[in-house]
Protein chains: 2
Amino acid sequence: MQRYRQLQIKLTPQRLAILSYLNGNKTHPSAEDIYKAVKKQFPTMSFATVYNTLEALKNRGGVMELKIDDKRKRYDPDSTKHHHFICTKCRSIVDIFKDYKLSLPDELKKGFDVTGNSIEFYGTCRKCKKGSEQ
Amino acid sequence: MQRYRQLQIKLTPQRLAILSYLNGNKTHPSAEDIYKAVKKQFPTMSFATVYNTLEALKNRGGVMELKIDDKRKRYDPDSTKHHHFICTKCRSIVDIFKDYKLSLPDELKKGFDVTGNSIEFYGTCRKCKKGSEQ
DNA sequence: GAGTTATTTTAGAATTATTCTCAGTTGATA
DNA sequence: TATCAACTGAGAATAATTCTAAAATAACTC
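Only a predicted model underlies this, so the values are computations on that prediction, with no experimental measurement involved.

A. Molecular detail of the overall build of chain A. Helix and strand counts for chain A come out as six helices and five strands. Along its sequence from the N terminus, chain A presents helices and strands in the succession α-α-α-α-β-β-β-β-α-β-α. Compactness check: chain A gives a C-alpha radius of gyration of 18 Å against a globular reference of 14 Å for 134 residues, more than 25% above the reference. Taking the principal axes of its C-alpha atoms as reference, chain A extends roughly 50 × 50 × 25 Å. The buried share of chain A, taken over its 134 residues, is 43%. In chain A, the proportion of contacts linking residues at least 24 apart, taken out of those at least 6 apart, comes to 46%. Surface accessibility of chain A: about 7,700 Å² in total, with carbon and sulfur atoms responsible for 50%. Each charge class in chain A can be summarised by its mean position, and for the 26 positive and 15 negative side chains these summaries are 6 Å apart.

So, in structure tokens, the structure goes:
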């Protein structure tokens, strides 16, 4: 919870429930996933609160917004630099921790400042591969 | 136009106008951009036609759907393998043609089949960099 | 611990991108 | 040039997200 104090946001019970749901969560949930989970504890929870909290966290680096799903935004509580593998069969998302050193092609090197990059791998995950081999 | 015949879709005047707008277009337009542009020639053009055509093209590899913009889908008529640079100041998107050989970290290598990857670079583009140096 | 205040919560409305519907039209093929 | 599956288009439907404004409250001060 120390971590949350550092966020410098008002710690309401609703926000703590959202933070606790996100903490260590590797499923890359959507706003709706979060809403549904937290609504169990706080039946009056509204989407506005979910989105407000996510916005506040985003601005403070407490969560990353992923544009991986073309239907809805997904959120990743791990804001340390990493990439993603997306299974094209089951749509699951796996974190990839590896520091790829990527530089722009020579003709763009001058003039462009690169501050970061994000890689998405596509393919078949372990589970789906096993499943199809049966 | 030879290229379009190969797509095996019915070539209606509306579709030809969309194809002609997309052909060589490096702006990564949204459905609305396409709609507005083509509506000039075909005032009765509807969004349904734009989306139908994009769907048909997508399925045949004639266009790529980009999840680069968190507000709306963007479309890229260049479906050859390439990556993108997104300027965090002016939001412009620049194509990056370079074949980065990326492999998963060792612990994921077995079990995962990678069929492709997509890289987004973030930073300041040439124009914005120049602008801020004035 | 009580008072103050700026921030947050919430229900519901509003907005926006995308998809759907279905009647009327048309490109492609024979 | 007739046929028909595929396409167009106006508008309605859907779904994710944002906005609104009144009531509630966390955090700060004394």
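From this point, the discussion proceeds with the structure in view.
B. The arrangement of the relation of the copies chain A and chain B in detail. Structural alignment of chain A on chain B gives an RMSD of 0.1 Å, achieved by rotating through 180° and translating 0.0 Å along the axis. With respect to symmetry, the two chain copies, as superposed, fit the operation of a two-fold axis. Using C-alpha coordinates, one finds that chain A approaches the rotation axis most closely at Ile119 of chain A, a distance of 2.3 Å. The residues that chain A uses at the interface reappear at the interface of chain B in 100% of cases, marking a shared surface.

C. A look at the side chain of Arg74 of chain B. All names here are of chain B. Looking at where Arg74 falls in the secondary structure, it is placed in strand β2 (residues 74-76). Judged by relative accessible area, which is 14%, Arg74 ranks as buried. From its side chain, Arg74 meets the backbone oxygen of His28 in a polar contact 2.5 Å long. When residues no more than four places from it in sequence are discounted, the contact partners of Arg74 are Thr27, His28, Pro29, Ser30, Met64, Glu65, Leu66, Asp69, Arg91 and Ile93.

D. Summary view of the pattern of salt bridges. Per the counting criterion, the structure on display carries 18 salt bridges over all chains. The residue Arg72 of chain B makes a salt bridge to Asp69 of chain B at a minimum N-O spacing of 3.8 Å. Of the charged contacts in the structure, one is a salt bridge between Lys101 of chain B and Asp99 of chain B, with a shortest N-O distance of 3.1 Å. Judged by relative accessible area, which is 71%, Lys101 of chain B ranks as exposed. Salt bridges here are not isolated pairs; linked through shared partners, they connect Glu55, Lys58, Glu65 and Lys73 of chain A.

E. Inspection of the protein's contact with DNA strand C at higher detail. Every one of the 19 residues lining DNA strand C counts as a neighbour, but Thr12 and Thr44 of chain A together with Tyr51, Arg72 and Lys73 of chain B are closest to it. For DNA strand C, the fraction of protein-proximal atoms (within 4 Å) that sit in sugar or phosphate groups is 79%. Broken down by element, the residue count for the surface near DNA strand C peaks at three residues, all from helix α4 (residues 47-59) of chain A. The residue inventory of the surface near DNA strand C, partitioned by class, reads six nonpolar, six polar and seven charged.

F. Structural context of the pairing of strand β5 (residues 113-124) of chain A. As paired elements, strand β3 (residues 83-87) of chain A and β5 of chain A share four bridges and run parallel to each other. Paired with Ile86 of chain A across the bridge in β5 of chain A is Tyr122 of chain A. The pairing of β5 of chain A with strand β5 (residues 113-124) of chain B spans 11 bridges and is classified as antiparallel. Opposite Glu120 of chain A, over in β5 of chain B, you have Ser118 of chain B as the bridge partner.

G. Quick peek at the packing of aromatic side chains. If you walk through the whole model with that rule in mind, you get eight aromatic pairs over all chains. On the basis of an interplanar angle of 15° and a centroid distance of 4.1 Å, the ring pair of Tyr35 of chain B and Phe47 of chain B is categorised as stacked. One end of the pair, Tyr35 of chain B, is in helix α3 (residues 31-39); the other, Phe47 of chain B, is in helix α4 (residues 47-59), and 12 residues separate them in sequence. In this structure Tyr35 of chain B comes out as buried when scored by relative accessible area, which is 16%. Ring pairs connect the aromatic residues Tyr35, Phe47 and Tyr51 of chain A, which therefore count as one cluster.

So, how was this worked out
Residues numbered from 1 in each chain as written. Chains lettered and ligands numbered in written order. Predicted model: local features only at pLDDT ≥ 70, side-chain atom pairs only at ≥ 80, totals over all residues. Heavy atoms only, no water. Helix = DSSP H or I, 4+ residues; strand = E, 2+ residues; numbered from the N terminus. Rg over C-alpha atoms; globule rule 2.2 N^0.38 Å. Buried < 20%, exposed > 50% of the residue type's maximum accessible area, 1.4 Å probe, protein only. Contact = heavy atoms within 4.5 Å. Areas by Shrake-Rupley, 256 points an atom, 1.4 Å probe, with all protein chains shown as cover. Lys, Arg positive; Asp, Glu negative; His and termini not counted. Charge placed at Lys NZ, Arg CZ, Asp CG, Glu CD. Least-squares fit on C-alpha atoms with pLDDT ≥ 70 in both. Polar contact = N/O pair within 3.5 Å; in protein donor to acceptor, adjacent residues only side chain to side chain. Salt bridge = Lys/Arg side-chain N within 4 Å of Asp/Glu carboxyl O. Near = heavy atom within 4 Å. Nonpolar A, V, L, I, M, F, W, Y, C, P; charged D, E, K, R; others polar. Pairing = 2+ DSSP bridges. Phe/Tyr/Trp six-rings, centres within 6.5 Å; stacked < 30°, edge-to-face > 60°.

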